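Okay, here's what each chain looks like letter by letter:
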Amino acid sequence: MFSRLTTRPIRNPRRFPRARVIRSSGVVICTLLFLGQVLLCPISRADTPRPIQQTSRKEISLPTPRSHYEKFKRGASGIPLLMDLLKEFNPEIQRVLLSFAKSSGLQDIPSTAELDSDLKKLQSLVETAGITSGPAIPKEQAVSLLKQVNWAPVRPLLLEFFVHQSRVLDMIPETSLALWGPIVHDALLYFLDHLSDDRLLDKLVSLAFLPPGTSRGDYLKEFVSKVPSLQKIGQILARNSDLAPDYRKALQDLENGIHTMTAEEMARFITEDIGKPSIDKYQVQFADKILAEASVGAVIRATYVPPGAETRKQAICKVIKPYVLAYMPEDLSIIDGLARFFTTNHDFYQLGSIPLVEMFKDIRKSLTNEINIVDEQQNFIRAREYYKGSKKVVVPELFPISTKHVSFMEFITGEKITSAFPGDAKQRAIMARRLSDVLTGDVIFAPKGEAIFHGDPHAGNVYHVTGDPKNPYMIALLDWGLMGTFPRQERIALVQMILGVQLRDTKRLHKYAGALLENGMPTDREKVQRIDALIAEITKPKPGRGNFDALQELLYGLIEQGYATKFTLTLFIKAQVTIAGELVELDPTLKQDDLLEQQVTALVKKELPKRVLMLPAWNYRGYRSLLSNGDVMNVVRHKPEKPKESKGPSTKTLVDAASTGAILN
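About the criteria used
- Residues numbered from 1 in each chain as written.
- Predicted model: local features only at pLDDT ≥ 70, side-chain atom pairs only at ≥ 80, totals over all residues.
- Heavy atoms only, no water.
- Helix = DSSP H or I, 4+ residues; strand = E, 2+ residues; numbered from the N terminus.
- Contact = heavy atoms within 4.5 Å.
- Areas by Shrake-Rupley, 256 points an atom, 1.4 Å probe, with all protein chains shown as cover.
- Pairing = 2+ DSSP bridges.
- Axes fitted to C-alpha atoms, helices over the stretch in contact; angles between N-to-C directions.
- Buried < 20%, exposed > 50% of the residue type's maximum accessible area, 1.4 Å probe, protein only.
- Salt bridge = Lys/Arg side-chain N within 4 Å of Asp/Glu carboxyl O.
- Expected span 1.5 Å × (residues − 1).
- Core = buried A, V, L, I, M, F, W, Y, C linked by side-chain atoms within 4.5 Å.
- Polar contact = N/O pair within 3.5 Å; in protein donor to acceptor, adjacent residues only side chain to side chain.
- Phe/Tyr/Trp six-rings, centres within 6.5 Å; stacked < 30°, edge-to-face > 60°.
- Lys NZ or Arg CZ within 6 Å of the ring centre and 35° of its normal.
- Parallel < 35°, antiparallel > 145°, perpendicular 65-115°, else oblique.
- Nonpolar A, V, L, I, M, F, W, Y, C, P; charged D, E, K, R; others polar.
- pLDDT = per-residue confidence, 0-100.
- Left-handed = near helix turned anticlockwise from the far one by under 90°.

### A word on the overall build of the chain
Inference 1: Per the secondary structure count, the chain includes 27 helices and ten strands.
Inference 2: Contacts in the chain between residues far apart in sequence, at least 24 positions, make up 75% of those at least 6 positions apart.
Inference 3: When the accessible area of the chain is evaluated, it comes to approximately 28300 Å², of which 52% is carbon and sulfur surface.

Listed below in structure tokens is the structure:
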């Protein structure tokens, strides 16, 4: 829409949709439209409600015609839909619905030219009925009663009202509304329509029962509550500076500030899953509050005593939340359906090269990996061994009483990386450089033949370790559901592509772009020409676009052309764009490309003695920097052409090249 589904803003407004944020100033009515019928039904409170069969369900017709947006524009445009809904019910039910409208404050919203007539009608109806407040019933009873009503025939109208009254379209800039309005509108309609009745009713009632004056950020959090896929999208968007500050704050809470479980529920689940004999053996005691809760998992602190020991130790327990295990299949199915829907209707929505379908596939893959806790535990073990002895990174130790649903591990005292050293610009700038070293430079230029990297580095998974004055910039890497392995040859290819972007060297990019593809560069002439057109596009200068931004554009262009991309390079490039947003939040003055350039330049300087000896091996890349002498000279000369094999620079020229600090920049 106006920003990428990452934590860094982009300059091209046709790239990615911004957050599907929900403002529910009148969303209460969605649920209460149903309640009107059931509150008038002669059901004894002592009787056990009996759900009825939902019949004659009217299907939502998608895509929505373009003419729809001429009538229902941005703003609280759901009131005309409400007036249409009132016509579907008899006077007695209308009175109950109007009482809910009164209690929600819907009739008190600011009037506009488009809404003036309907708003006056609504206010008049409320006044004529003598309504002063809405009926109050417990939430559980409301959900139970809703199941007694055959509301399926009016489902499309109700969901349409919900979408418009939520004011989600308000979040789209006017300049992008024509393109992104229909996409966001229909994606949200599709998602809601494919939720099971139980989940949809629970969602609508939860929103309806929020207290008066609830902020739009809190409405957003309630809307995505217990919907892992929407929470994952929120986490991806949380650092996007294009969003309004209150929405960014709400989305950042999704990183580890969700509240859907109690400590008692969590402790009971862990005890049942691990088994009480093991809990007793380790003398486990749980905290009385949940430490953090994210889209899929939740974490609670605990203490334990290892067998044979006397000292109690600190630990945390991370669990896959029970409702996630129950709801995830439906979420994944809806995501698959959205991908198919937008593939089929690609031209209608004028998607062009916008990788909307790829976004849904990425989210699906990420969620699938997160619920596979056994694989994550193996990633923890491998990552801890990989970073063993590091003075920059710590990975929590996994303890032996872990199960396939519970990871019992070492507790690390810390805070989100973006919260480090509040108010201290100098310290935050140092922290940003450490973050770049750990998650970017140290991965690309790892001395080992195969590097590993964290594949989901949002701020809730990357912590600043506190309480160690001897090492104040230590980073803890948490939640290893997504981990990439990065062989040296793929890292060399990545560096060459970065050089290609920096030097606008289309030949170099053509040579190495095949490294992004599962089956390498195609041989078909027409296909190669289309790839070369993509390469030519990303080498055009664009203000504010970094190396990884350009490579991500190339990736999505290749995906749009139907190519399967390599998991490692794709994951790493996307992770880097996420990291870029965190770097800017820590230090608004820095650029990710500059940090990488500084690191590789330092490496080249250290390599000078060996490079002088290896001058005849002009294209040798066996250095930690992964750059040959020819690469270094190309950067300094800004010549995209590869130097001839028979000619090489003098020793003085090579030393001067490294001294300029111009590597990869």
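### Some remarks on the sheet that holds strand β2 (residues 297–304)
Inference 1: Here we have four strands laid out as an open sheet, ordered β1-β2-β3-β5, and antiparallel in their pairing. Edge positions in the sheet fall to β1 (285–293) and β5 (406–410), since each has one partner strand and no second. The average undirected angle you get between the axes of adjacent strands in this sheet is 25°.
Inference 2: When β2 meets strand β3 (residues 313–320), the two strands line up antiparallel, connected through eight bridges. Note that in β3 the partner of Gly 297 across the bridge is Ile 320.
Inference 3: In this fold helix α17 (residues 373–386) packs onto β3 and β5, with an angle of close to 20° to the strand it touches most, β5.

### Topic: the pairing of β3
Inference 1: Most of β3 is tucked away: six of the eight residues are buried.
Inference 2: As defined by bridge partners, β3 adjoins β5 across five bridges and the pair is classed as antiparallel. Looking at the pairing, Cys 317 lines up with Phe 408 of β5.

### Comments concerning the pattern of salt bridges
Where charged atoms from two side chains of opposite charge approach closely, those side chains can pair.
Inference 1: Under the criterion given, the structure shown has 25 salt bridges.
Inference 2: The residue Asp 362 makes a salt bridge to Lys 574 at a minimum N-O spacing of 2.2 Å. Here Asp 362 is found in helix α16 (residues 356–371), whereas its partner Lys 574 is found in helix α23 (residues 567–586), with 212 residues between them in sequence.
Inference 3: Taking relative accessible area as the criterion, Lys 574 reaches 13% and is therefore assigned buried.
Inference 4: Between Arg 508 and Asp 505 there is a salt bridge, with the nearest N and O atoms lying 3.3 Å from each other.

### A few points about α23
Inference 1: Helix length check: α23, at 20 residues, gives a terminal C-alpha distance of 29 Å against a target of 28 Å (1.5 Å per residue), a fit within 8%.
Inference 2: The element α23 is largely enclosed, with a buried count of 17 among its 20 residues.

### Regarding the nonpolar core
Inference 1: Counting residues in each nonpolar core, the largest one holds 77 residues, and the members touching the most others are Leu 435, Ile 444, Leu 494 and Phe 548.
Inference 2: Beyond its immediate chain neighbours, meaning those up to four positions away, Ile 444 contacts Arg 491, Leu 494, Val 495, Phe 548, Phe 572, Leu 596 and Leu 626.
Inference 3: Core analysis: the next-biggest nonpolar cluster, separate from the first, contains 56 residues, Val 163, Tyr 219, Ala 238 and Ile 363 among them.

### Thoughts on the environment of Asp 273
Inference 1: Relative to the helices and strands, Asp 273 is located in helix α13 (residues 263–274).
Inference 2: The sequence separation of Asp 273 and His 405 amounts to 132 residues, and the corresponding C-alpha distance is 7.3 Å.
Inference 3: Ignoring any residue separated from it by four or fewer positions in sequence, one finds Asp 273 in contact with Thr 403, His 405 and Val 406.
Inference 4: A distance of 3.0 Å separates the side chain of Asp 273 from the side chain of His 405, its partner in a polar contact.

### Looking at the packing of aromatic side chains
Inference 1: Taken as a whole, this structure holds 18 aromatic pairs when the rule is applied.
Inference 2: The structure contains a cluster of three or more aromatic residues connected by ring pairs, namely Tyr 190, Phe 341, Phe 342, Phe 348, Tyr 349 and Phe 360.
Inference 3: Across the ring face of Tyr 623, the terminal group of Arg 611 is positioned such that the distance to the ring centre comes to 3.9 Å.

### Some words on the packing of helix α11 (residues 228–237) against helix α15 (residues 322–344)
Inference 1: As a packed pair, α11 and α15 sit with axes 8 Å apart at the nearest point and diverge in direction by 75°. Here α11 lies roughly perpendicular to α15, going by the angle between them. Between α11, through Pro 228, Ser 229 and Gln 231, and α15, the contact on the second element is made entirely by Tyr 323, Val 324, Met 328, Asp 331 and Ile 335.
Inference 2: A breakdown of the residues in the contact of α11 with α15 according to their chemical character gives five nonpolar, two polar and one charged.

### A word on the sheet that holds strand β4 (residues 393–394)
Two pairing modes exist for strands in a sheet, parallel and antiparallel, and in both the strands are linked by backbone hydrogen bonds.
Inference 1: Pairing within the open sheet is mixed, and its four strands lie in the order β4-β9-β8-β6. Pairing within the sheet leaves two strands with one partner each, and these edge strands are β4 and β6 (414–416).
Inference 2: Sheet analysis places β6 next to strand β8 (residues 462–465), joined by three bridges and oriented antiparallel. Residue pairing in the sheet places Lys 416 in a bridge with Tyr 463 of β8.
Inference 3: Relative to strand β9 (residues 475–477), helix α18 (residues 425–444) is tilted by about 40°, and along the sheet it contacts β4, β8 and β9.

### Points about the confidence of the model for the chain
Caution applies to low-pLDDT parts of the model: their predicted coordinates are not meant to be read in detail.
Inference 1: Of all residues in the chain, 76% have pLDDT values of 70 or greater, and the mean over the chain is 79.
Inference 2: Here residues 1–50 is modelled with pLDDT under 50, and outside its nearest four sequence neighbours on either side it reaches 190 contacts, counting other chains as well.
Inference 3: With pLDDT under 50 throughout, residues 639–662 is counted as low confidence; its partners more than four residues away or in other chains account for 41 contacts.

### Some points on α17
Inference 1: In this model, α17 (14 residues) spans 19 Å end to end at C-alpha, consistent with the 20 Å of a helix rising 1.5 Å per residue.
Inference 2: Turning to α17, its buried residues are Ile 373, Glu 376, Gln 377, Asn 379, Phe 380, Ala 383 and Tyr 386.
Inference 3: Elements in contact with the buried residues of α17: β3, α16, β5, β7 (450–454) and β10 (483–487).

### Quick notes on the side chain of Asn 461
Inference 1: Mapped onto the fold, Asn 461 is located in the loop between β7 and β8.
Inference 2: Asn 461 gets classed as buried once you look at its relative accessible area, which sits at 3%.
Inference 3: A polar atom in the side chain of Asn 461 sits 2.9 Å from the backbone oxygen of Asp 456.

### A word on the packing of α15 against α16
Inference 1: Two elements in contact, α15 and α16, have axes separated by 9 Å at closest approach and are oriented at 165°. With respect to α16, the element α15 is oriented roughly antiparallel. The handedness of the crossing between α15 and α16 comes out as left-handed. Between α15, through Val 324, Met 328, Leu 332, Ile 335, Asp 336, Leu 338, Ala 339, Phe 342 and Thr 343, and α16, the contact on the second element is made entirely by Leu 356, Val 357, Phe 360, Ile 363, Arg 364, Leu 367, Thr 368 and Ile 371.
Inference 2: For the contact of α15 with α16, the per-class residue count stands at 13 nonpolar, two polar and two charged.

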